[in-house]
Amino acid sequence: MRTFTTIQTAARTALLAAVLALNGCTALGLAEEEDDDTTLFAALGLAAVAGGSEATAVRDYANVAYLQYTDAHAAAVNLQTAVNALVANRTAGNLTAARSAWTTARQIYGVTEALRFSKGPIDNPALFSEGGSELEPLINAWPLDEVTITNYIAGAGAITRADLIGANGAGGEEDVKLGWHAIEFLLWGSDAAAGGPSASVTAADFNTARRQQYIVVVTDTLVDHLRIVRDAWNPAGGSYYAAFTASPRASLDNALTGMATFSGGEWGGERFEALDTSDQENEHSCFSDTTKQDFFYNSQGFLNLFSGVYGSYSGRGLSAVYAGSTADQLKSDIAAARDVFSANTAWFYDDVVQGGASTERTGLQNVRVLIGQTIADRFVQGARAAGYNPTIGGGQ
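Residues take numbers from 1 onward in each chain, read along the sequence in its written order. pLDDT decides what is reported in this predicted model: residues at 70 or higher carry local features, side-chain atom pairs at 80 or more are listed and counted, and totals for whole chains, interfaces and linings draw on all residues regardless. Remark: hydrogens and water are excluded; side-chain values derive from all non-hydrogen atoms of the structure.

1. Quick look at the side chain of Asp-123
No. 1: As for its position among the elements, Asp-123 is in the loop between α5 (92-110) and β1 (129-130).
No. 2: Summary of the burial criterion: residues with accessible area below 20% of their type's maximum are buried, those above 50% are exposed, and those between are partly exposed, where the area comes from a 1.4 Å probe applied to protein chains only. Here Asp and Glu are counted as negative and Lys and Arg as positive; His is not counted, and neither are the chain ends. Take a side-chain nitrogen of Lys or Arg and a carboxyl oxygen of Asp or Glu: if they are within 4 Å of each other, that pair is a salt bridge. Here Asp-123 is buried and forms no salt bridge, its nearest opposite-charge partner Arg-116 lying at an N-O distance of 4.5 Å.
No. 3: Pairing of N or O atoms within 3.5 Å defines a polar contact, subject to two protein rules: one partner must be a possible hydrogen donor and the other a possible acceptor, and residues neighboring in sequence count only if both atoms are side-chain atoms. At 2.8 Å, the side chain of Asp-123 and the backbone nitrogen of Phe-117 are in polar contact.
No. 4: If we ignore the near neighbours within four places in the chain, the residues touching Asp-123 are Arg-116, Phe-117, Ser-118, Glu-134 and Glu-136. Secondary structure elements follow DSSP: runs of H or I of four or more residues count as helices, runs of E of two or more count as strands, with numbering from the N terminus. Two residues qualify as a contact provided that any one of their heavy atoms is within 4.5 Å of a heavy atom in the partner residue.

2. A look at empty space enclosed by the protein
No. 1: A cavity here means a set of points on a 1 Å grid, drawn over the protein atoms and nothing else, where a 1.4 Å probe fits but cannot get out; a pocket is an open set with protein on both sides within 12 Å along at least five of seven lines, and a residue lines either one if it has an atom within 4 Å of a point. Grid points are joined across faces, edges and corners, and a volume is the space filled by probe spheres set on the points. What the rule picks out here adds up to two cavities of 30 Å³ or more.
No. 2: In this structure, the largest cavity spans a volume of roughly 50 Å³.
No. 3: As for the largest cavity, its lining consists of 10 residues, of which Trp-142, Pro-143, Leu-144, Cys-286 and Phe-287 are closest to the centre.
No. 4: When grouped by side-chain class, the residues that make up the lining of the largest cavity number five nonpolar, two polar and three charged.
No. 5: Considering only enclosed or pocket space, the second largest cavity measures out at about 30 Å³ in volume.
No. 6: Any residue outside Ala, Val, Leu, Ile, Met, Phe, Trp, Tyr, Cys, Pro, Asp, Glu, Lys and Arg is labelled polar, Gly included; the first ten of those are nonpolar and the last four are charged. Across the lining of the second largest cavity, the residue classes break down as five nonpolar, two polar and no charged.

3. Re the pattern of salt bridges
No. 1: Applying the stated criterion to the full structure yields 18 salt bridges.
No. 2: The closest approach of N and O atoms between Glu-54 and Arg-249, which form a salt bridge, is 3.7 Å. In this pair, Glu-54 is assigned in helix α4 (residues 52-88) and Arg-249 in helix α12 (residues 248-267), connecting sequence segments 195 residues apart.
No. 3: In this structure Arg-249 comes out as partly exposed when scored by relative accessible area, which is 38%.
No. 4: With a shortest N-O distance of 3.5 Å, Arg-116 and Glu-136 are connected by a salt bridge. One end of the pair, Arg-116, is in the loop between α5 and β1; the other, Glu-136, is in helix α6 (residues 136-140), with 20 residues separating them in the sequence.
No. 5: The class of Glu-136 is buried, set by a relative accessible area of 6%.
No. 6: A single network of salt bridges, built from pairs that share partners, joins Arg-106, Glu-113, Arg-116, Glu-136, Glu-266, Arg-271 and Asp-294.

4. Some points on the confidence of the model for the chain
No. 1: Each residue gets a pLDDT score, which is the predictor's confidence in that residue and runs from 0 to 100. In this model, the chain carries a mean pLDDT of 86, and residues with pLDDT of at least 70 account for 84%.
No. 2: Note on residues 19-51: pLDDT is under 50 here. Beyond four places in sequence and across chains, it has 48 contacts.

5. Things to note about the layout of surface pockets
No. 1: In this structure, the largest pocket encloses a volume near 270 Å³.
No. 2: Every residue lining the largest pocket is counted, 16 residues in all, and those nearest its centre are Glu-136, Asn-140, Ala-141, Trp-142 and Glu-173.
No. 3: The dominant element in the lining of the largest pocket, judged by the number of residues it contributes, is α6, at three residues.

6. Structural notes on the packing of α5 against helix α14 (residues 291-307)
No. 1: To get an axis, a line is fitted to the C-alpha atoms, and for a helix only the part in contact is used. The angle between two axes follows their N-to-C directions and goes from 0 to 180 degrees. The N-to-C vectors of α5 and α14 enclose an angle of 35 degrees; their axes lie 7 Å apart at closest approach. Listed contacts from α14 to Thr-103, Arg-106, Gln-107 and Gly-110 of α5 are Gln-293, Asp-294, Tyr-297 and Asn-298.

7. Comments concerning helix α11 (residues 239-246)
No. 1: Within the span of α11, buried status applies to Tyr-240, Tyr-241 and Phe-244. Seen along its axis, α11 keeps its buried residues to an arc of 100 degrees; they face one direction. Looking at α11, the residues exposed on the side facing more than 90 degrees away from the buried face are Ser-239 and Ala-246. In this description, one arc is meant: the one made by directions from the helix axis to the C-beta atoms.

8. A short note on the environment of Tyr-241
No. 1: Mapped onto the elements of the fold, Tyr-241 is located in helix α11.
No. 2: Judged by its relative accessible area of 12%, Tyr-241 is buried.
No. 3: Setting aside residues up to four positions removed in sequence, Tyr-241 forms contacts with Arg-59, Ala-62, Asn-63, Ala-232, Trp-233, Asn-234 and Pro-235.

Below you can see the structure in the form of structure tokens.
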């Protein structure tokens, strides 16, 4: 299985190939040159960009977006391979491999979530939609009522992409039939245990034809939707990349509003619902018990876009339009929020949200304020000081 690092390398190579193609150059020999940052940065024009810091911020944001979505798509293809192997040969080992592929792919997708609410390809139905829906609810809808999927699988007839898209959300917000969390539920089952996933699903559960059809169709659809978003951000001919970089001022206002909304309303808001309810079913990734990693990679994705750094790509990102001291403080705050959820911290998110008062619970309440108030407010005020006008909630 490809690791996070090797998938990042593939994305970086893809970006260089795209930019070289855009400039009429050959992409031959990329494998031999893939560790030569000078080649990539020269192709992207990092040293000199007309328009100064505004153009720099827009270009870095767009390039990081493309790299991240390229990685997310590649990881989803790996998941697709693992799911197909499980359906073809229903063994405990293949189920474990599919779960591992989902977990890795979910980590990589997590860094893309700060691109939401920005009128971009992921959630702008005027750009891309299917069955009357923008793409994000078809990729990442949450919360999920698992009973709706269980009942759907218990039905009859063939399962098709069109049927699932039509049924997605038909019974309300929690009637989720597609995306990451539908696949997660199919692989793990309901979470009734603390300190980790209950893993009530076994390989034998995939002996039924409709469960097999369901997970294959949902995974195939996820891969295709991520391809659409990735391609829109492609520097070599992507329709959205071209429009985004051609209008730096408007694009920056949209990007800044999106990240402010993500910080104040989603990453630092709804994602902490389980703290209020003390119910592990309100965790973001409750079936696999990987909510802690969701927070970590969402934080990293926010930092990537703000700093303009992803893997070997190193620019300035949105920080290019902020005062130096404000940018430095924001980077420090974002890193601090991320590190609360490090894999090196020995606690389970579901234990903490159900456990009442504890050191970890207090820490989560504090980081909720850090993300949803301190970072969100400093991000907005810093942008306004630079002459922009982002608003929390303005990108929805």
